[in-house]
Amino acid sequence: MTVESVKSEASPAPERREVPLAGGGVPGLGHGLKLVRDPLGFLARLRDDGDLVRLRLGPKTLYAVTAPHLAGDMLTSPDYEIGGPLWDTLDVLLGKGVATSNGARHRRQRQTIQPSFRKEVIHEYERVMVEESLTFAARWQPGDTVDVTAEAFRLAVRMTARCFLQIEHIDDLAERLSTALATVFGGMYRRMILSFGPFYRLPLPSHREFDRALAELHRLSDEVIAQRRAAAEKPDDLLTALLEAKDGKGEPVNYQEVHDQVIAILTPGSETVGSQLMWILQLLAEHPEQADRVSEEVTSVVGDGPVTFGDLRKLTHTNNVITEALRIRPAVWILTRRAMAETELGGYRIPAGADIVYSPLALQRDPRSYEQHLDFDPDRWLPGHSKEVPKYAMSPFSAGNRKCPADHFSVAQLGVILATVIPKWRFERLPEADESPRVGITLRPKRLLLKAVPRG
C-alpha cells in the first residue's frame, strides 16, 4: 500500500463552514454606523449572533471573534499577524516600531527592547515610580478638584520617559506629550472604523487639530533622540540600546526606525497606563469601601514609609483591585489581527488577508464567563474563585507571541501609585464630571473630576 493510497482512503477533511453575518447591518454602511454610535454595546451583544461572525464596514468585510476559546486560538496561532484596521491606523502614529511590525523585523526589534522589560530589570525602576507617585500625591490641597484626566496622563508620561529614556527634566515634554496624546488617540478610532481617507484631508478644525497633535508627537521623538545623541555620556538604557541596535545585516538601524521605536515607547504605554489609572480612581471613588480596604492593607504592610516592590507582592487586595479594574474597565478594549493565508477558526473558513477584530472588554464582561459580570468585585480574584474563569476570558495584555512586553511594568506602576496615593487621599465624585467612556483607540472617562479629601 502506497502513501498515496493511504491518503486517498483517509476520510476527507471536514468542510469549513462560512462565517454567519451579524444582524443589524444598514444598507451601504453595513455595521459601521453601530461601531461609531455604540461600539461598546454593539460588540458586547455580538456573541448572541455567534462565537465568530462577519461584519460589513461599507464594502469591506470584517470578522469578529466573540468567544474566549476562539480568541485564544487566534492569538496563539502563527496563521495570524498584527494587522487589520486598528494597526493600519496606528501605523500613522507609530510607524513600524515593535508594536506594529511583523516577522523578522518584529523579532529583531523585540530582542532589542525585551531586556528593559524583564522582571529583574523592572526593579531598577522602583525609585522613579515611587518618586513620581509621591509627587503626584502631593499636588493637591484638601478639597481640591483633581482633573484626573490630565493628571493621570502626566504621571504616566513622566514615569515612562524617566524609566526607559532616563529623561530627568521632563516637565515641558510631559505637558506637550499628554496634550497631543489625548487628541491623537481620540481621533484615531473614527479613522479606523470609517476609513474615508480623502475626508480626513479636508481642512476641518478637528482634522487640523489632529494633524497638529500628530506632528507634535513626531517632533517630540526627534527632540528626545537629538538630545541623547548630543549628550557627552550615554546611559545604559533603552534609548541607548535603540541607537546602538543593528538591522538583519548587522548594520546600524536607520533613523526612521529609531524614531518609530521612541514613539512606540512613549505613546502606547503612557496612553494605556494613564487611561487605566483614570478608571481605577473612578472605580474607587464609586466604591469607597474598596478604597478603604486598599488604604488599610497598605498601611498594615508598608507602614508610614514609601512602598517597595517587595511590598507589592503582599498587597493582595490592592492587586485584586487592579486586576478587576483591568477586567471591567480595560483601557485596551479593541484589537485586530490579519489572516496571513486561508485558514480556519472554530471550523469556519477564514480567507487569506481577512481582518479579524476582538474586544477584550466584551470578552471580560461576558456573562457566560463571569457571574455578576458588570459588578466591580475584586474578591472574584481570590484563590478558589479565579480558577472558574475560562482561559482567555481575561487577557488585558493580549496573549501569544504578541503579548504586551510591558505587562509587568504597567502593573507595577499602578501598584506603586495606588499604594502611595490611596492611604493619603479619598476621592469623591463630582456632578460636573463626565465619567462616560470616551471611545478612542483606548477607552477612558471623558472628563474625570474628583474631589481630594485627606484621610484622617
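What you are looking at is a predicted structure, and each value in this text was computed from that prediction instead of being measured.

Regarding the overall build of the chain
For step 1, the next point in the chain: Along the backbone of the chain there are 18 helices and 12 strands.
For step 2, the next point in the chain: Residue burial in the chain is summarised as follows: out of 456 residues, 53% are buried.
For step 3, the next point in the chain: A separation of at least 24 residues holds for 71% of the contacts in the chain among residues at least 6 apart in sequence.
For step 4, the next point in the chain: As displayed, the chain has an accessible area near 20500 Å², and 52% of this comes from carbon and sulfur atoms.

Remarks on the side chain of Ser 295
For step 1, the next point in the chain: Secondary-structure assignment places Ser 295 in helix α14 (residues 288-302).
For step 2, the next point in the chain: Using a relative accessible area of 9% as the deciding quantity, one classes Ser 295 as buried.
For step 3, the next point in the chain: In this structure Ser 295 touches Ile 422, Pro 423 and Arg 455, once residues within four positions along its chain are discounted.

Some words on the nonpolar core
For step 1, the next point in the chain: Counting residues in each nonpolar core, the largest one holds 87 residues, and the members touching the most others are Leu 173 and Phe 427.
For step 2, the next point in the chain: At 13 residues, helix α13 (residues 255-286) tops the list of elements feeding residues into this core.
For step 3, the next point in the chain: Once residues lying within four places of it in the same chain are set aside, the contact partners of Phe 427 are Trp 140, Val 146, Leu 281, Ala 285, Val 421, Ile 422, Leu 450, Lys 451 and Ala 452.
For step 4, the next point in the chain: Core analysis: the second largest hydrophobic core is formed by 19 residues, Val 19, Val 65, Ala 339 and Tyr 348 among them.

Focus: the sheet that holds strand β5 (residues 335-339)
For step 1, the next point in the chain: Within the open sheet, the five strands sit side by side as β1-β2-β8-β5-β3. Their pairing is mixed. Strands with a single pairing partner mark the edges of an open sheet, and in this sheet they are β1 (52-57) and β3 (80-82). Strand after strand, the sheet turns through a mean of 35° between neighbouring axes, direction not considered.
For step 2, the next point in the chain: Two elements, β1 and strand β2 (residues 60-65), share six bridges in a ladder whose sense is antiparallel. In the sheet register, Leu 52 faces β2, and the bridge partner there is Val 65.

So, the confidence of the model for the chain
For step 1, the next point in the chain: Averaged over the chain, the pLDDT score is 86; the fraction of residues at 70 or greater is 89%.
For step 2, the next point in the chain: Confidence drops under a pLDDT of 50 for residues 1-11, and excluding neighbours within four residues, the segment shows two contacts in the predicted structure.

Details of the side chain of Arg 444
For step 1, the next point in the chain: Relative to the elements of secondary structure, Arg 444 occurs in strand β11 (residues 443-447).
For step 2, the next point in the chain: One buried charged residue, Arg 444, forms no salt bridge at all, with the nearest opposite charge on Glu 271 at 4.8 Å.
For step 3, the next point in the chain: A distance of 3.3 Å separates a polar atom in the side chain of Arg 444 from the backbone oxygen of Lys 446.

Here we look at the pairing of β11
For step 1, the next point in the chain: Strand direction decides the pairing type here: strand β10 (residues 434-439) and β11, joined by four bridges, are antiparallel. Counterpart to Arg 438 in the pairing with β11 is Arg 444.
For step 2, the next point in the chain: If you look at the hairpin formed by β10 and β11, you'll find three residues sitting between the two strands.

The rules behind the values
Residues numbered from 1 in each chain as written. Predicted model: local features only at pLDDT ≥ 70, side-chain atom pairs only at ≥ 80, totals over all residues. Heavy atoms only, no water. Helix = DSSP H or I, 4+ residues; strand = E, 2+ residues; numbered from the N terminus. Buried < 20%, exposed > 50% of the residue type's maximum accessible area, 1.4 Å probe, protein only. Contact = heavy atoms within 4.5 Å. Areas by Shrake-Rupley, 256 points an atom, 1.4 Å probe, with all protein chains shown as cover. Core = buried A, V, L, I, M, F, W, Y, C linked by side-chain atoms within 4.5 Å. Pairing = 2+ DSSP bridges. Axes fitted to C-alpha atoms, helices over the stretch in contact; angles between N-to-C directions. pLDDT = per-residue confidence, 0-100. Lys, Arg positive; Asp, Glu negative; His and termini not counted. Salt bridge = Lys/Arg side-chain N within 4 Å of Asp/Glu carboxyl O. Polar contact = N/O pair within 3.5 Å; in protein donor to acceptor, adjacent residues only side chain to side chain.

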